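Notes for the structure review
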Amino acid sequence: MPGMFESYEIDPALVESSEDPRIRAIMDQLERRYPGRCSLGTIERGAYAPGVVEREGRIVATATRLGMIFSGNAMPTQKISHTAALLLMRSGSPLFESRIVLPATSFLLARGSGGRLRNRITRADGKPFMYLAGFCERPRAEANAVLIMKPCAGDTRCLSDDEPMVLDEEDVRAWLTDPDAFTALLRKEQPEFRHEKLL
C-alpha cells in the first residue's frame with residue numbers, strides 16, 4: 001500500500017534552543033502579533049502554525065492555517081503536487097500568486113492500514129530546521145496555506161509516493177520574492193533525508 005504524507009512537526013525544544021536568527025525572528029514576530037495562536041509540536045490540517053510570507057516588499061511572519069484551501073470549488077486539502085503547482089502558476093491562477101514558507105523540524109510519512117507504519121523524516125545533514133514550500137491566499141491577517149509535494153527519492157522512496165518540497169536556507173527569499181525563480185526551485189533536487197521508524 002503506498003505511503004502518504006501525514007503531518008509535519010516543529011519541535012519546541014529545538015525552537016527554544018535555536019541560534020538561527022531566522023527562526024528567532026519568526027517566533028518573536030508571531031508572539032507579538034498573534035500571542036498564543038500558533039501551534040508547535042505536530043502540525044496537522046486545520047492547525048495554526050508559523051509561516052513566512054512577502055508583504056509589500058518585506059518578509060514577515062504570519063499565522064498559517066494549514067490545509068484550508070481557498071477555492072470554494074474544491075474539498076479542503078493540505079497539499080498539491082508539484083506538477084499541478086507548475087500548471088497553475090503557468091495558467092496565471094490568482095489562487096496561487098502568493099507563496100509561503102513553513103519552518104519545520106521534521107515531517108511524518110505513514111503507510112499501511114490506517115497509517116499504522118509511521119516514519120519521522122529529518123535532514124541527513126543534521127541541520128535542525130527545514131523550510132517547506134507552499135502557496136497561500138493573498139496575504140492578509142492570517143494566511144490559509146497548502147504544501148507543495150514532490151515525488152519521494154533517495155531514502156524516502158520506499159516509504160511514500162510524495163513528500164513536502166523542502167527549500168534550502170539560501171532559497172527561502174527567492175521563493176518568496178522572485179517570480180522568475182519558481183520553476184528552477186520547483187525542479188531543484190530535494191536535500192538528503194534520514195528516517196526514523198515510530199512505534
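Residues numbered from 1 in each chain as written. Predicted model: local features only at pLDDT ≥ 70, side-chain atom pairs only at ≥ 80, totals over all residues. Heavy atoms only, no water.

If you check helix α2 (residues 21-33), its first and last C-alpha atoms are 18 Å apart, about what 13 residues at 1.5 Å a residue would give, namely 18 Å. All of the buried residues in α2 are I23, I26, M27 and L30. The arc enclosing the buried residues of α2, seen along the axis, measures out at 90 degrees, which places them on a common side. Exposed residues lying more than 90 degrees from the buried face of α2 are P21 and R32. The secondary structure elements touched by the buried residues of α2 are α1 (12-17), β3 (48-55), β4 (58-66), β6 (98-104) and β9 (130-136). Two or three places before R22, at the start of α2, stands the capping residue D20, its side-chain oxygen 2.8 Å from that residue's backbone nitrogen. (Helix = DSSP H or I, 4+ residues; strand = E, 2+ residues; numbered from the N terminus. Expected span 1.5 Å × (residues − 1). Buried < 20%, exposed > 50% of the residue type's maximum accessible area, 1.4 Å probe, protein only. Arc of directions from axis to C-beta. Contact = heavy atoms within 4.5 Å. Polar contact = N/O pair within 3.5 Å; in protein donor to acceptor, adjacent residues only side chain to side chain.)

Summed over all chains, the structure comprises 4 aromatic pairs. When the ring of F135 is compared with that of W175, the centres are 6.1 Å apart and the planes differ by 45 degrees; the resulting orientation is tilted. One end of the pair, F135, is in strand β9; the other, W175, is in helix α4 (residues 172-177), with 40 residues separating them in the sequence. The same class applies to F135 as to W175, namely buried. Every member of this aromatic cluster is reached through a ring pair, and the members are F135, W175 and F182. Here R22 stacks its cationic end above the ring of Y131, 5.4 Å away from the centre of that ring. Above the face of the W175 ring, R99 is positioned so that its terminal group lies 5.2 Å from the ring centre. (Phe/Tyr/Trp six-rings, centres within 6.5 Å; stacked < 30°, edge-to-face > 60°. Lys NZ or Arg CZ within 6 Å of the ring centre and 35° of its normal.)

Attention now goes to the pattern of salt bridges. In total, this model carries 9 salt bridges according to the counting rule given. Among the salt bridges present, the one from R22 reaches E169, with a minimum N-O distance of 3.9 Å. Here R22, found in helix α2, pairs with E169, found in the loop between β12 (166-167) and α4; they are 147 residues apart in sequence, far enough to count as distant. Here R22 falls in the partly exposed class, since its relative accessible area comes to 30%. The shortest N-O distance in the salt bridge between D125 and R123 comes to 2.8 Å. Take D125: its relative accessible area is 46%, and that puts it in the partly exposed class. Exposure remark for R123: the relative accessible area of 5% places this residue in the buried category. (Salt bridge = Lys/Arg side-chain N within 4 Å of Asp/Glu carboxyl O.)

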